[in-house]
Amino acid sequence: MFELFNFAPPVKLVMGLCTGIVFGFLLQKGGLTRFRVIVGQFLWADHTVLRTMLTAVAVGSAGVWALHQMWDVPLHIKSAHLLANAVGGVIFGIGMAVLGYCPGTGVAALGDGSRHAVPGVLGMLAGAAVYAEVYPWMKKTILSIGSYGKITIPEITSLSVWWFVAGMAVMSATVCILLRGRDVMKTS
Amino acid sequence: MMSEKSRKIGRGNTSSKGRWSPYVVGAGIGVLSWITFGLMDKALGTSTTMVRLAGLVESVFDLEHVMNNPYFAKYIVSKPGIEWQMMLVIGLVIGAFISAMHGNTSQVEKVPDLWKWRFGPSVFGRYAGAFVGGGLVLFGARLAGGCTSGHGISGGLQFAVSSWVFFAAFFVAGLITAFLIYGKEGRHHV
């Protein structure tokens, strides 16, 4: 009955738990555990999501690539299956606009008092179960189209990754400056 | 008045305890990525855990079925299902709870205001919508190979082609869907 309930080494479990606590704390402090903030981004009324994500990617990329190049810290790049990445992204975007959460923020919202995140997370489990059933078919069809392996944009452009790290910082700063004061305030 | 203000986590309220600047939070998540890559050999992510959880729940009822499913086999049969990322997901709930208590911003929400404005106050209606939305979110995430954290943040910062394709696709789809559901008028009811 519980044959598959196997545990990774305790050190890994504790590290994961600590990471999650910090991540969840930050998401709640950033207001990202709120439906109105997520949907507000898609309605171009509240730019918290873009500001947070662009900053995270700009800051994260500088450090992670430095770690990778100086100390050989391994990367964790997901393989390109271009059609699946795009179609999956579209389905994900539709679902995220309806639910008002993505998986991480939806789970964190449970700790923030959101009751409708409960059926949201149950729906996620159902979606995962359904995907597991159709995976063999997906693998033969959609996943095989545009399959290029673990490629990165610096690799396909043959430019140094540091151009992209710098570009990401400039792009994030520019977007955030352009979005300043552009949040729509509630009328009522 | 002060407690009323700190309870509202809406825009414009960036009291130091309740709500932090998105730049501080974003930088924090970026630095958290340095730590997970550098010290844990892991990238932030959440959606794979939903596969593991779904598989573990199913295995209680039909072990054979789970063992024979090639997707579940990748994640919970060939290696331990209860691992780093599942603990991260549990930690998300705890971390958000600690933050909500710390800033006194916890908010019991059954039907969000914007949803109420568009679809009425039915709790069942909202829960059904959330369930369907959640199903699409995870199905899409698994087809794409990641979600907002795994692809959006971890993949984005590694400049992975897969992740930037996913990011563009989900963002455009989200914009269109939100405007189809709520329209321009919805912007004033967020």
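Rules behind the numbers
Residues numbered from 1 in each chain as written. Chains lettered and ligands numbered in written order. Predicted model: local features only at pLDDT ≥ 70, side-chain atom pairs only at ≥ 80, totals over all residues. Heavy atoms only, no water. Domains from an automatic or database assignment. Contact = heavy atoms within 4.5 Å. Buried area = accessible area lost by both parts, 1.4 Å probe. Salt bridge = Lys/Arg side-chain N within 4 Å of Asp/Glu carboxyl O. Polar contact = N/O pair within 3.5 Å; in protein donor to acceptor, adjacent residues only side chain to side chain. Helix = DSSP H or I, 4+ residues; strand = E, 2+ residues; numbered from the N terminus. Buried < 20%, exposed > 50% of the residue type's maximum accessible area, 1.4 Å probe, protein only. Core = buried A, V, L, I, M, F, W, Y, C linked by side-chain atoms within 4.5 Å. 1 Å grid on protein atoms, 1.4 Å probe; cavity = no way out; pocket = protein on both sides within 12 Å on 5 of 7 lines; lining within 4 Å. Points joined across faces, edges and corners; volume = space filled by probe spheres on them. Nonpolar A, V, L, I, M, F, W, Y, C, P; charged D, E, K, R; others polar.

1. With respect to the domain arrangement of chain B
All names here are of chain B.
Here comes step 1: Its domain assignment divides chain B into domain 1 (18-108) and domain 2 (109-190).
Here comes step 2: Here domain 1 and domain 2 have C-alpha centroids that lie 18 Å from each other.
Here comes step 3: With 15 residues of domain 1 at the interface, the matching set in domain 2 holds 13 residues.
Here comes step 4: Buried surface at the junction of domain 1 and domain 2, both sides included, amounts to about 1000 Å², of which 57% is carbon and sulfur.
Here comes step 5: Run the count over domain 1 and domain 2 and you get zero salt bridges.
Here comes step 6: The interface formed by domain 1 and domain 2 contains five residue pairs in polar contact (both at pLDDT 80 or more).

2. Some remarks on the pattern of salt bridges
Here comes step 1: Inspection of every chain in the model, using the stated rule, returns three salt bridges over all chains.
Here comes step 2: Close ionic contact of A:Asp112 with A:Arg34 constitutes a salt bridge, the shortest N to O distance being 2.8 Å. You can see A:Asp112 sitting in the loop between helix H5 (103-110) and helix H6 (117-140) and its partner A:Arg34 sitting in the loop between helix H1 (10-29) and helix H2 (35-42), a full 78 residues away along the chain.
Here comes step 3: Between B:Glu83 and B:Arg52 there is a salt bridge, with its nearest N and O atoms 3.2 Å apart. Of this pair, B:Glu83 sits in the loop between helix H5 (70-77) and helix H6 (84-103) while B:Arg52 sits in helix H3 (residues 47-61), and the two are 31 residues apart along the sequence.
Here comes step 4: The class of B:Glu83 is buried, set by a relative accessible area of 10%.

3. Let's talk about the nonpolar core
Here comes step 1: Among the nonpolar cores identified, the biggest contains 97 residues, and A:Phe92 and B:Ile29 are the most heavily contacted of them.
Here comes step 2: The element that contributes the greatest number of residues to this core is helix H3 (residues 48-71) of chain A, accounting for 10 residues.
Here comes step 3: If sequence neighbours within four positions are ignored, A:Phe92 has contacts with A:Cys102, A:Pro103, B:Leu136, B:Val137, B:Gly140, B:Ala141, B:Cys147, B:Thr148, B:Phe166 and B:Phe170.

4. What about the layout of surface pockets?
Here comes step 1: As a volume, the largest pocket reaches approximately 1000 Å³.
Here comes step 2: Along its surface, the largest pocket is lined by 40 residues, and A:Lys78, B:Thr48, B:Tyr75, B:Arg142 and B:Gly145 are the ones closest to its centre.
Here comes step 3: Elements that contribute at least two residues to the lining of the largest pocket include exactly helix H4 (82-99) and H6 of chain A together with H3, H5, H6, helix H8 (123-144) and helix H9 (148-157) of chain B.
Here comes step 4: Considered class by class, the residues forming the lining of the largest pocket number 15 nonpolar, 14 polar and 11 charged.

5. Describing empty space enclosed by the protein
Here comes step 1: Under the criterion given, the structure shown has three cavities of 30 Å³ or more.
Here comes step 2: Estimated volume of the largest cavity: approximately 190 Å³.
Here comes step 3: Forming the boundary of the largest cavity are 19 residues, of which A:Leu27, A:Cys102, A:Thr105, B:Thr148 and B:Ile153 lie nearest the centre.
Here comes step 4: Secondary-structure elements contributing two or more residues to the lining of the largest cavity are H1, H3 and H5 of chain A together with H9 of chain B.

6. A look at the domain arrangement of chain A
Here comes step 1: Domain boundaries assigned for chain A yield domain 1 (1-30 + 78-150) and domain 2 (47-74 + 152-188).
Here comes step 2: Computed over C-alpha atoms, the centres of domain 1 of chain A and domain 2 of chain A are 22 Å apart.

7. Thoughts on the interface of chain A and chain B
Interface size is often expressed as the accessible area that is lost when the parts come together.
Here comes step 1: Listed by partner, the interface residues are 130 residues for chain A and 134 residues for chain B.
Here comes step 2: Viewed at the interface, chain B and chain A are joined by zero salt bridges.
Here comes step 3: For the interface between chain A and chain B, the tally reads 41 residue pairs in polar contact (both at pLDDT 80 or more).
Here comes step 4: Of all elements in the fold, only H1, H2, H3, H4, H5, H6, helix H7 (153-157) and helix H8 (161-178) of chain A reach the threshold of two or more residues within the side of chain A that touches chain B.
Here comes step 5: The dominant element in the side of chain A that touches chain B, judged by the number of residues it contributes, is H6(A), at 19 residues.

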